[in-house]
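# A structural walkthrough
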Amino acid sequence: MRTLLVLGGGTAGTMVANRLRHRLDTSDWKITVVDQDDEHHYQPGYLFLPFGGYTRDQLVKSRHTLLHDGIEMVTAEIERVDPGAQTVALVGGRELSYDYLVIATGTTPRPDQTPGMLGSEWRRSIFDFYTLDGASALAEALKTFDRGRLVVHITEMPIKCPVAPLEFTFLAEAWLRERGLRDRVELVYVTPLDGAFTQPVASERLGAMLAERKIHVEPDFMIESIDDERKVLVSYDEREVPFDLLVTIPLNMGADYVARSGLGNELNYVPVDKHTLLSTAYDTIFALGDASDIPASKAGSVAHFAVDVFVDNFLEHIEGRPMTGSFDGHANCFVESGDDKALLIDFNYDTQPLPGKYPLPYVGPLSLLKETRANHLGKLAFRHVYWNVLLPGRPVPLPAHMSMAGKHQPEKEA
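Residues numbered from 1 in each chain as written. Predicted model: local features only at pLDDT ≥ 70, side-chain atom pairs only at ≥ 80, totals over all residues. Heavy atoms only, no water.

A separate point is the packing of aromatic side chains. One pass over the full model with this rule turns up 17 aromatic pairs. With a centroid separation of 5.0 Å and 20° between ring planes, the pair formed by Phe-129 and Phe-168 is classed as stacked. Taken together, the residues span a long stretch of sequence, with Phe-129 in the loop between β11 (126-127) and α3 (132-144) and Phe-168 in helix α4 (residues 164-178) at a distance of 39 residues. For Phe-129, a relative accessible area of 2% puts it in the buried group. Here Phe-168 falls in the buried class, since its relative accessible area comes to 1%. Among the aromatic side chains, those forming a connected cluster through ring pairs are Trp-29, Tyr-100, Phe-286, Phe-310 and Phe-314. The residue whose ring lies beneath Lys-274 is Tyr-349, and the NZ or CZ to ring-centre distance is 4.7 Å. Here the guanidinium or amino end of Lys-298 rests over the ring plane of Tyr-269, the centre of that ring lying 3.9 Å away. (Phe/Tyr/Trp six-rings, centres within 6.5 Å; stacked < 30°, edge-to-face > 60°. Helix = DSSP H or I, 4+ residues; strand = E, 2+ residues; numbered from the N terminus. Buried < 20%, exposed > 50% of the residue type's maximum accessible area, 1.4 Å probe, protein only. Lys NZ or Arg CZ within 6 Å of the ring centre and 35° of its normal.)

Structure representation (structure tokens):
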């Protein structure tokens, strides 16, 4: 019997295990999923927690209950992978062997990597919202914040859900306005990018939205440290950004065992072929979701579309045939903009987000790069889709590859 070992029981790992359990003969294949705990978090929900949306019960379920019958779940920390021996050593001494390995342990915020971030002001005036604990602590802080300088800050790219910092900023602006506090709070968006986003058309649109809301943007800001005594961000070029309340997105990194195993780059992401997700170093190892180094957004939609391509490729690969599927980096993300509205962006490796309609060309019902209530409702509805359709591996009527149908280049202003 051959073994498929999946490291990580998050979005990508759960989808891979469930999809392949139905495609691999149970008499020939054993599937095992390894994760350090039994809590699967719906991470997009973290965004709403600071503003009173969602409860813990809506965002957390047991990992093992999300895996189909016939899949083994091992709860343990991973010490290292030995690609030569095709084994995985777990903390505590247990060793698991594999014929094929899928690394899907994602990426996590690392506030310890920025001097001063974990100082005396951590979770007092410095908060993150990329963890459940961080988002919950921030919710408490916002209850008493009624004046001063609110700074939203990105340490460095890549990060999970690259639009989430913008979403938080828009939601914070609307939340303050609803409470009659907007005139007493200065909002500042600090980014290492040269604009609001990485892609020109989307960056221009999102940047204009920040300007409309009187949110100051501090671009090209590469943070060197945080002076928690003076409450200022300090950049390598010695610029300073003071704050009363700082909402930061720390450096994101892959799992430490990836580095210990010699499988990752400087941020612990696994180098793979961006079209097949196969390791560039070992033909028995794949990396999916946020764990890989592909030049695409680290987002759930990317994991979903990548898994769609991966499953058939994997079946070809284990039979010694060439993999015929090619992942194009397809991503689509809702961008909450406040006031019960949101935008939607759809793009891939080669094509930036453009205006248009989605998923049906010219019909929609969702609009691309345009604020609508339908997009907001779509984002809220996705939580149900995530738990009940996406993770179980049920078919989602969306093509894995991005389509240009219904999209158009925005008109240039005269």
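Nonpolar side chains tend to gather and get buried jointly when the protein is soluble and globular. By size, the foremost hydrophobic cluster in this structure holds 123 residues, and its most contacted members are Leu-4, Leu-7, Leu-20, Ile-103, Phe-129 and Phe-314. At 11 residues, helix α7 (residues 300-318) tops the list of elements feeding residues into this core. Residues contacting Leu-20, with those up to four places away along its chain left out, are Leu-4, Ile-31, Phe-310, Val-311, Phe-314 and Leu-315. (Core = buried A, V, L, I, M, F, W, Y, C linked by side-chain atoms within 4.5 Å. Contact = heavy atoms within 4.5 Å.)

Once that is clear, we can look at the environment of Leu-206. For Leu-206, the position within the fold is in helix α5 (residues 200-212). Relative accessible area serves as the criterion here: at 1%, Leu-206 is assigned to the buried category. Here the alpha-carbon distance between Leu-206 and Gly-195, two residues 11 residues apart in the chain, equals 9.0 Å. Contact partners of Leu-206, with chain neighbours within four places excluded, come to Leu-166, Phe-170, Ala-196, Phe-197 and Val-335.

Another aspect to go through is the sheet that holds strand β12 (residues 148-154). Spatial ordering of the open sheet is given by β11-β18-β12-β13-β14, a layout of 5 strands whose pairing is parallel. The sheet is open, and its two edges are formed by β11 and β14 (216-218), each paired on a single side. As judged from the 3 bridges shared by strand β13 (residues 185-190) and β14, these two strands associate in the parallel manner. Among the inter-strand pairings, Val-190 is bridged to a residue of β14, identified as Glu-218. Together, β12, β13 and β18 (245-249) form the strand contacts of α4, whose direction differs from that of β13 by roughly 175°. (Pairing = 2+ DSSP bridges. Axes fitted to C-alpha atoms, helices over the stretch in contact; angles between N-to-C directions.)

Next up on the list: the packing of α4 against α5. Orientation of α4 relative to α5, taken along the N-to-C sense of each, is 25°, at an axis distance of 11 Å. By the angle between their directions, the pair α4 and α5 is classed as roughly parallel. The two elements α4 and α5 cross, and the hand of that crossing is left-handed. Residues Leu-166, Thr-169 and Phe-170 of α4 form the contact with α5, whose own contacting residues are Leu-206, Met-209 and Leu-210. (Parallel < 35°, antiparallel > 145°, perpendicular 65-115°, else oblique. Left-handed = near helix turned anticlockwise from the far one by under 90°.)

Turning next to a nonpolar patch on the surface. On the surface, Leu-360, Tyr-362 and Val-363 cluster together into a nonpolar patch covering about 380 Å² of accessible area. Among the secondary structure elements, Tyr-362 is positioned in the loop between β23 (356-360) and β24 (364-368). Judged by relative accessible area, which is 68%, Tyr-362 ranks as exposed. (Patch = residues over 30% accessible without salt bridge, like charges linked within 9 Å, V, L, I, M, F, W, Y side chains within 5 Å. Areas by Shrake-Rupley, 256 points an atom, 1.4 Å probe, with all protein chains shown as cover. Salt bridge = Lys/Arg side-chain N within 4 Å of Asp/Glu carboxyl O.)

Oppositely charged side chains are able to pair whenever their charged atoms sit close together. Inspection of the entire model under this criterion finds 30 salt bridges. The salt bridge partner of Asp-128 is Arg-123, with a shortest N-O separation of 3.0 Å. Here Asp-339 ties to Arg-177 by a salt bridge, and the two come within 3.1 Å at their closest N and O atoms. Residue Asp-339 is located in the loop between β21 (331-338) and β22 (341-347), and its partner Arg-177 is located in helix α4; the two are separated by 162 residues in the primary sequence. We classify Asp-339 as partly exposed; its relative accessible area is 40%. Note on Arg-177: relative accessible area 37%, which makes it partly exposed.

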